[in-house]
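Take a look at the letters that make up each chain.
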Amino acid sequence: MSSNELENEGFLIQIRVLLNERGIKLWEAPYITADRTPNDDELGKLADTLGPETAIPRDRCLSVLRSLQQNALEKLQAKDEFVKTGLATVKLRAPTQTGSNRSFDLKLKVTDPGATLSELVGQRLSVDPRKIKLVCGGRVVDSTRTLEEQKVTNGAIVLALVMAHSVEEAKLECSTYDRVHKIRADAELLINENDTAKMMTLEDQSGNPIFLPKNEKKSLMVALTLYAKGKAALAAGNYEEALLLLLEADRDFRGCNSDLLNGVDNYALLNLDIVWCYLCLKNLNQLPDAAERLQLCEQKFRQSYGENMKRVAALKGEQSSEKTILVRLHLLKAILYYHQNKRDDARTMFRVVETELQSLRIDDACLSRLMECGHTLQESRIALRACSNNIERAIEYIHEQRERQEENDKRSRRELKLYERIGHATDTPQYWRIKLDFVDVLMEMGYTEEMAALALKESDNDINGALNELQNNNKELRLKLLRCVVPDEQHVEQLMALGFPEEAARVALKTTTNRYDLAAEFLVANVSDGSVYSERLTKALQMIGSESATHLAEAATGSTDHQTTPSTSKASSSHGKRTDACTEARTEEKRRKKEMLDIVFKSFSKEIGESRDNHLDLSLAEETVLLEQYKALLGME
């Protein structure tokens, strides 16, 4: 909104509060005549009384009173009409490219589906209904469900998002709504196909991986992916598309019930961005939803960051970059206070924001010097804020953060690969983490990483119990390990590409716990002429077929240099041709699928691949402008 519009909004809020406090009803006598027309004399007297109390000029005060009276009369008329005819009056607000809102009322039955309201809005705005999405109470209106089911009733205020596109974009997609649903479908496809490849990993604030049950993980990852696309649209100024994507992500987040969500700040940040999007769309009619979202946001921040940022301070230092997020949160709270006519609370919170902005101010000369040293704008800005514009400390901070992140990434990758090798499922409710520090201690004693991890798994992370397992139950532990190993499909394909049969490749990977180099050596030593197997490999294959892990383990621990005459002959020529044809068809199908996924992934990679600290790198320029604008409205120096 412009300053003038905000000032008018402020006048209206103040006068409405005074009228409510004093029980003044502008739709009743003496402010209305017998024929239901305004009584200008009485309204003038009221303006004379309220004007000095609010420091609002008399003519502006009278104008506001007339506007409030007109709104009240229209509401009464709409209520009577709804009772008599069943026709509900819905108030529409449609943001324009200039930043203002077109406002108009529409009448329809609450038993009509959402699609009917979209059609009426489209007719009113001369826009294809498919390019319109409606938002009410923080939820996208479903076109197939009735308005009543979605709490769109008489007097409801609905935000109408009109999607503008270039000619080129219009050729590809008919509306942003279609784009959003295509993004959702693509995100679900990527996550379904790439779950084992860990396309995205979930981490807590310390950089440790977070594992969830499979279905819940899917919902969370779809939510995070849609959120990443929404943030990109928000940063690009595509507020309509951003709001739809953010609300879609919100729906998926709400489907996650795990307590682990309390340990991450993504959902809090999503709610913060949704409220910011409301503000960018000049949509102050969503205030109840905004207040609820900011309250949830504040609660989640306390859980993630600790009271007064103590948890973050312990991890990252007192001047952590998370304070930039709090600036936006506090600013939005202050703006809400203003529009709720809590003017003293608003002034207090705006002063807090002003102090926070001052403490986070970045020296432009320092920023230029850091960037001249080869550091990115984002890491330079974050480092200078963390180090109070001290260049030397900022450089150290950047290197420390890089090393810390590299170490966390390395440890995370190691943990995931180890869990895969020992069959420690991370997508079940019973999942718990194996302590890698204890694994390292046992490895120093001479045990393999897999055996050490499995022993700790068996002993519930008790290192003494694990040592007892390794010393007294070594054979049983090896058998359990062998049962757990699932051959890595990529390694299977690589070994098959070298000419080894699939069945031999799989048993080699099981016996070497998916170590590709060792599996290749195993096959070279135990396979000749493509399909002539050693006695050891033949026995291993037979034992796999009979599911006898005990004999398989014995075969796996035998000699690697003993070659015998084959006990399995080469397959017949016709069978070999059929097998080759099937293999080629599978390979071609996998290739086509991979190409398709690569194309889809490219559309996500920019947002998904952004720095995990991207949300902390706010320029705070917009926040500064808004602060000054509202300070002026409140008469603050």
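Participant: Could you clarify how one ought to interpret helix α15 (residues 377-386) in this entry?
Facilitator: Helical geometry: 3.6 residues make up each α-helical turn, so side chains three or four residues apart lie on a common side. Among the 10 residues of α15, 9 are classified as buried, and the element is accordingly described as predominantly covered. Within the sequence span of α15, burial applies to Gln-378, Glu-379, Ser-380, Arg-381, Ile-382, Ala-383, Leu-384, Arg-385 and Ala-386. On its buried face, α15 is in contact with α12 (323-339), α14 (364-372) and α16 (391-422). Taken from the residues just after α15, Ser-388 is the one with a positive phi, measuring 50°.

Participant: When you look at the pairing of strand β3 (residues 132-136) in this model, what are you seeing that I'm missing?
Facilitator: The side chains of a regular strand alternate between the sheet's two faces. Burial analysis of β3 places 5 of its 5 residues in the buried class, the great majority of the element. Residues Ile-132, Leu-134 and Cys-136 of β3 are buried on one face, and the alternating residues Lys-133 and Val-135, pointing to the opposite face, are buried as well. The pairing of β3 with strand β5 (residues 157-162) spans 4 bridges and is classified as antiparallel. Across the sheet, residue Lys-133 finds its bridge partner in β5, namely Leu-161. Summarising the sheet, β3 and strand β4 (residues 139-140) pair through 2 bridges and their orientation is antiparallel. For Val-135, the partnering residue across the bridge sits in β4 and is Val-140. The turn joining β3 and β4, which pair antiparallel and follow one another in sequence, is formed by 2 residues; a positive phi near 60° is taken by Gly-137.

Participant: Teacher, can you tell me more about a negative patch on the surface here?
Facilitator: Taken together, the side chains of Glu-392, Glu-396, Glu-400, Glu-403, Glu-406 and Glu-407 define an acidic patch exposed on the protein surface. With respect to the helices and strands, the residue Glu-396 is situated in helix α16.

Participant: Whenever I open this one, unusual backbone geometry confuses me. Can you help?
Facilitator: Trans is the prevailing form of peptide bonds, just as negative phi is the prevailing case for residues other than glycine. Across the junction of Ala-29 and Pro-30, the peptide omega takes the value 10°, indicating a cis bond. With respect to the element layout, Pro-30 can be found in the loop between α1 (3-21) and α2 (40-54). Of note, the phi angle at Asn-341 is positive, near 65°, even though the residue is not glycine. The residue Asn-341 is located in the loop between α12 and α13 (343-359) in this model. Notably, Asn-389 is not glycine yet its phi reads approximately 65°, a positive angle. Following the sequence through the fold, Asn-389 ends up in the loop between α15 and α16.

Participant: Hey, could you run me through the environment of Leu-50 in this one?
Facilitator: With respect to the helices and strands, Leu-50 occurs in helix α2. Residue Leu-50 is classed as buried on the basis of its relative accessible area of 1%. Expressed as a C-alpha distance, the spacing of Leu-50 and Ile-15, which sit 35 residues apart in the sequence, is 7.5 Å. Residues in contact with Leu-50, not counting those within four places in the same chain, are Ile-15, Leu-18, Leu-19, Arg-22, Cys-61 and Leu-65.

Participant: Sorry if this is basic, but what is going on with the confidence of the model for the protein chain here?
Facilitator: For any part of a model where pLDDT is low, the fine detail of the predicted coordinates should not be relied upon. Averaged over every residue, the pLDDT of the protein chain is 79; residues scoring 70 or more account for 73%. Mean pLDDT in the protein chain bottoms out at helix α5 (residues 167-172), which sits at 45, and peaks at α13, which reaches 93. Counting interchain partners and residues more than four positions distant, the pLDDT-below-50 stretch residues 546-555 has 18 contacts.

Participant: For this particular structure, what's the right way to read the nonpolar core?
Facilitator: Proteins that are soluble and globular tend to have nonpolar side chains buried together. With 63 residues, the main nonpolar core has Leu-243, Leu-270, Trp-276, Phe-301, Phe-350 and Tyr-630 as its most contacted residues. Where this core is concerned, the elements lending two or more residues are β5, α7 (214-235), α8 (239-253), α9 (266-280), α10 (287-305), α12, α13 and α27 (621-633). In terms of residues, this core owes the most to one element, α9, which gives 12 residues. Leaving out residues up to four positions away in the same chain, Leu-243 has contacts with Val-135, Leu-159, Leu-161, Ile-274, Cys-277, Tyr-278 and Leu-281. Grouped together as the second largest cluster of nonpolar side chains are 19 residues, Val-90, Ile-132, Leu-147 and Ala-160 included.

Quick notes on the rules
- Residues numbered from 1 in each chain as written.
- Predicted model: local features only at pLDDT ≥ 70, side-chain atom pairs only at ≥ 80, totals over all residues.
- Heavy atoms only, no water.
- Buried < 20%, exposed > 50% of the residue type's maximum accessible area, 1.4 Å probe, protein only.
- Helix = DSSP H or I, 4+ residues; strand = E, 2+ residues; numbered from the N terminus.
- Contact = heavy atoms within 4.5 Å.
- Pairing = 2+ DSSP bridges.
- Patch = residues over 30% accessible without salt bridge, like charges linked within 9 Å, V, L, I, M, F, W, Y side chains within 5 Å.
- Areas by Shrake-Rupley, 256 points an atom, 1.4 Å probe, with all protein chains shown as cover.
- Salt bridge = Lys/Arg side-chain N within 4 Å of Asp/Glu carboxyl O.
- Lys, Arg positive; Asp, Glu negative; His and termini not counted.
- Charge placed at Lys NZ, Arg CZ, Asp CG, Glu CD.
- pLDDT = per-residue confidence, 0-100.
- Core = buried A, V, L, I, M, F, W, Y, C linked by side-chain atoms within 4.5 Å.

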